[in-house]
Amino acid sequence: MLSNRESARRSRMRKQRHLDELWSQVIRLRNENNCLIDKLNRVSETQDSVLKENSKLKEEASELRQLVCELKSNKNSDDDNNFVRKLSE
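Definitions and limits used
Residues numbered from 1 in each chain as written. Predicted model: local features only at pLDDT ≥ 70, side-chain atom pairs only at ≥ 80, totals over all residues. Heavy atoms only, no water. UniProt positions renumbered as here; feature names shortened; annotations may be inferred. Helix = DSSP H or I, 4+ residues; strand = E, 2+ residues; numbered from the N terminus. Patch = residues over 30% accessible without salt bridge, like charges linked within 9 Å, V, L, I, M, F, W, Y side chains within 5 Å. Areas by Shrake-Rupley, 256 points an atom, 1.4 Å probe, with all protein chains shown as cover. Salt bridge = Lys/Arg side-chain N within 4 Å of Asp/Glu carboxyl O.

*Asks:* I would appreciate a short explanation of the UniProt feature "coiled-coil region" (unreviewed entry) in the protein chain in the present structure.
*Replies:* As recorded in UniProt, the feature "coiled-coil region" (unreviewed entry) lies at residues 40-67. Secondary structure content for residues 40-67 is 100% helix and 0% strand, while the C-alpha to C-alpha distance between its ends is 40 Å.

*Asks:* How should I be thinking about a nonpolar patch on the surface in this particular structure?
*Replies:* Taken together, the side chains of Leu-64, Leu-67 and Leu-71 define a hydrophobic patch exposed on the protein surface, amounting to about 290 Å² of accessible area. Positionally, Leu-71 belongs in helix α1 (residues 2-88).

*Asks:* Looking at this structure, how should I read the pattern of salt bridges?
*Replies:* Pairs may arise between side chains of opposite charge once their charged atoms sit close together. What the rule picks out here adds up to 3 salt bridges. A salt bridge links Arg-9 to Glu-6; the nearest nitrogen and oxygen atoms lie 2.3 Å apart. Of the two residues, Arg-9 and Glu-6 both sit in helix α1, 3 residues apart, roughly one turn of that helix. Here the residues in one salt-bridge network are Glu-6, Arg-9 and Arg-10, joined through shared partners.

Right, here's the structure in full:
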């Protein structure tokens, strides 16, 4: 009977230790999860700003391409005008 009590006490202690370890693991995993959520939020914010900057740069590139086309068109017109002027001289 004494042996059974001692065995039951050891079993309760093992269960308590196991329960304590599980709670420690829960706390650790919750902390890790919070850290990962924070990191994900920072990365999402960075992605948003990069996407905005990328859109802005694409718009600028498009405007610059248009400007280059206009300048080339004006240069060709100027060359044609100079040629016509020289012919009429």
